[in-house]
Amino acid sequence: MVSLDYSGGTVINYIGAVCGFFSNYDKALSLDMDRDFWKTEESAERKAIRRRKDPPSNTEIKKLYAVADRKTRIALLFGYQCGLAPTDVIKLTWANLNIDYEKEEREFIPVDHTRNKTGEQGTIIINPDLLRILKGEWVEQGRPDEGHILNYRGEPIKHSYRLNQWINEYAVKALGEERAKEVRFKDLRDSFNNTIKNTPGIIQEFADRLMGHSVAGARGSYFVGDAELILYREIFERLTVNGWLYREKAEGYEELSSDIDQLREALSQVEKENTAYKTRLDNLQQLVTSLREDFNIVLETLKEEPEK
């Protein structure tokens with residue numbers, strides 16, 4: 001637990017549960033000890049140097065995304081752009097999202113989601129970055145309707161620390177070893193939360209739905225609709241790793257396609273004109289040939305007439 005950077009309070013709570021089990025089973029096996037007993041030199045040293053929270057920036061995320069493989073990219077975006085905790089990400093299934101990857105045309109797709117840790121209802125929004133890479137994984141897996149989105153060696157991921165390993169591996173390559181030590185998967189949720197807070201016009205109910213926080217009272221029936229998706233666009237523009245790169249490329253190809261069509265039409269027109277010119281030339285050639293033949297006939301006739 002220390003190696004996974006669990007807080008001191010969390011470690012003590014887990015150990016307390018074990019102590020309680022032994023104490024209830026047999027008083028002679030009681031492990032009840034003073035709380036200071038568990039404060040080893042290592043944990044005390046780690047607590048002394050515990051880092052100040054410094055969630056990764058968008059620039060750092062882009063660098064990490066650029067070197068990561070597809071599965072790590074998917075996990076990264078679910079944490080960074082949807083605010084999901086690692087335990088939520090590893091449990092995501094294709095059925096959870098229920099997206100028609102062949103026909104889906106929406107830019108932002110809201111999906112109801114229940115947080116694994118708290119059971120709170122939230123909304124994750126699949127954006128252009130995520131949709132593109134999810135479709136790639138969906139095709140790679142054989143277009144499934146169910147099953148886990150992420151796996152490890154073909155098996156469902158049982159422990160969320162696996163995502164920390166993935167992120168750390170590529171963070172070292174992208175950000176260097178020192179910064180990589182400071183980046184944990186759970187920090188991606190902090191980055192998401194900070195972005196929401198710093199985006200103007202985001203109302204609290206919408207922020208709570210995105211974070212999967214409790215929405216009490218009448219606010220509990222809050223629904224994410226078209227107006228909220230327009231607001232999410234502002235959040236996404238601060239979180240995107242590709243900008244509107246692929247959409248802009250598609251639009252560029254559409255413009256190029258239009259240019260090609262215009263050029264094709266122009267060439268077709270030239271061909272038509274050339275065909276007309278050729279027809280006229282052929283007609284003129286036939287006329288010249290005919291005149292030549294008539295002239296030759298007249299010439300021969302004149303030559304054959306006797307002189308008077």
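These figures come from a predicted structure and were not determined experimentally.

Reading the values: rules and limits
- Residues numbered from 1 in each chain as written.
- Predicted model: local features only at pLDDT ≥ 70, side-chain atom pairs only at ≥ 80, totals over all residues.
- Heavy atoms only, no water.
- Helix = DSSP H or I, 4+ residues; strand = E, 2+ residues; numbered from the N terminus.
- Buried < 20%, exposed > 50% of the residue type's maximum accessible area, 1.4 Å probe, protein only.
- Contact = heavy atoms within 4.5 Å.
- Areas by Shrake-Rupley, 256 points an atom, 1.4 Å probe, with all protein chains shown as cover.
- Axes fitted to C-alpha atoms, helices over the stretch in contact; angles between N-to-C directions.
- Parallel < 35°, antiparallel > 145°, perpendicular 65-115°, else oblique.
- Left-handed = near helix turned anticlockwise from the far one by under 90°.
- Nonpolar A, V, L, I, M, F, W, Y, C, P; charged D, E, K, R; others polar.
- Core = buried A, V, L, I, M, F, W, Y, C linked by side-chain atoms within 4.5 Å.
- Lys, Arg positive; Asp, Glu negative; His and termini not counted.
- Salt bridge = Lys/Arg side-chain N within 4 Å of Asp/Glu carboxyl O.
- pLDDT = per-residue confidence, 0-100.

(A) Highlighting the overall build of the protein chain. Helix and strand counts for the protein chain come out as 13 helices and 4 strands. Expressed as a percentage of the 308 residues in the protein chain, the buried residues total 34%. Counting contacts in the protein chain only where the partners sit at least 6 residues apart, residues at least 24 apart contribute 66% of the total. Of the roughly 19900 Å² of accessible surface on the protein chain, 52% is carried by carbon and sulfur atoms.

(B) A look at the packing of helix α10 (residues 185-197) against helix α11 (residues 204-211). Running from N to C, α10 and α11 point in directions that differ by 165°, and their axes come no closer than 11 Å. It follows that α10 is roughly antiparallel to α11 by the angle criterion. Remark: the crossing between α10 and α11 carries right-handed chirality. Together, R189, F192, N193 and I196 of α10 and A207, L210 and M211 of α11 make up the contact between the two elements. Across the contact of α10 with α11, the residue classes break down as 5 nonpolar, 1 polar and 1 charged.

(C) Seen up close, the side chain of R115. The residue R115 is located in the loop between β1 (109-114) and β2 (121-126) in this model. Excluding anything up to four places from it in sequence, R115 contacts A85, D88, E120, R189, M211 and G212.

(D) How the structure looks around the nonpolar core. Among the nonpolar cores identified, the biggest contains 57 residues, and F78, L97, I126 and L134 are the most heavily contacted of them. Considering every element that reaches this core, the biggest residue donor is helix α4 (residues 70-82), with 7 residues. Not counting residues up to four positions away in its chain, the partners in contact with F78 are G83, L84, V89, L92, L97, I124, I126, L130 and L134.

(E) Examining unusual backbone geometry more closely. The phi dihedral of R143 falls on the positive side, at around 55°, and the residue is not glycine. Among the secondary structure elements, R143 is positioned in the loop between α7 (128-140) and β3 (151-152). Overall, R143 belongs to the partly exposed group, its relative accessible area being 42%. A positive phi is found at R153, a non-glycine position, where the angle reads about 55°. Here R153 shows up in the loop between β3 and β4 (155-156).

(F) Structural view of the packing of α4 against α7. At a minimum axis separation of 10 Å, α4 and α7 run at an interaxial angle of 145°. α7 is crossed by α4, and the crossing has left-handed handedness. Where α4 abuts α7, its residues R70, K71, R73, I74, L77, F78, Q81 and C82 lie against D129, L130, I133, L134, G136, E137 and E140.

(G) The arrangement of the side chain of R162 in detail. Along the chain, the position of R162 falls in helix α8 (residues 161-175). Nearest to the buried, unbridged R162 among oppositely charged side chains is E169, at 9.1 Å. Excluding residues that lie within four positions of it along the chain, R162 makes contacts with Y152 and I157.

(H) Region of interest: the confidence of the model for the protein chain. Overall, the prediction assigns the protein chain a mean pLDDT of 79, with 75% of residues at 70 or greater. Note that pLDDT drops below 50 for residues 246-254; the model gives that stretch 3 contacts with residues more than four away or on any other chain.

(I) Fine view of the pattern of salt bridges. Going through the model one piece at a time under the given rule, you end up with 11 salt bridges. Among the ionic pairs, R70 bridges to E140, the shortest N-O distance being 3.7 Å. Separated by 70 residues along the polypeptide, R70 in helix α4 and E140 in helix α7 bring together distant segments of the chain. For R70, a relative accessible area of 32% translates into the label partly exposed. Take E140: its relative accessible area is 57%, and that puts it in the exposed class. Linking R106 and E104 is a salt bridge whose minimum nitrogen-to-oxygen distance equals 2.8 Å. R106 sits in the partly exposed class, given a relative accessible area of 45%.

(J) Looking closely at the environment of A85. Position of A85 among the secondary structure elements: in the loop between α4 and α5 (86-90). Exposure remark for A85: the relative accessible area of 14% places this residue in the buried category. Spatially, the C-alpha atoms of A85 and K186 are 6.0 Å apart, while their sequence positions differ by 101 residues. Those residues within four positions of A85 in sequence are excluded, and the remaining contacts are R115 and F185.

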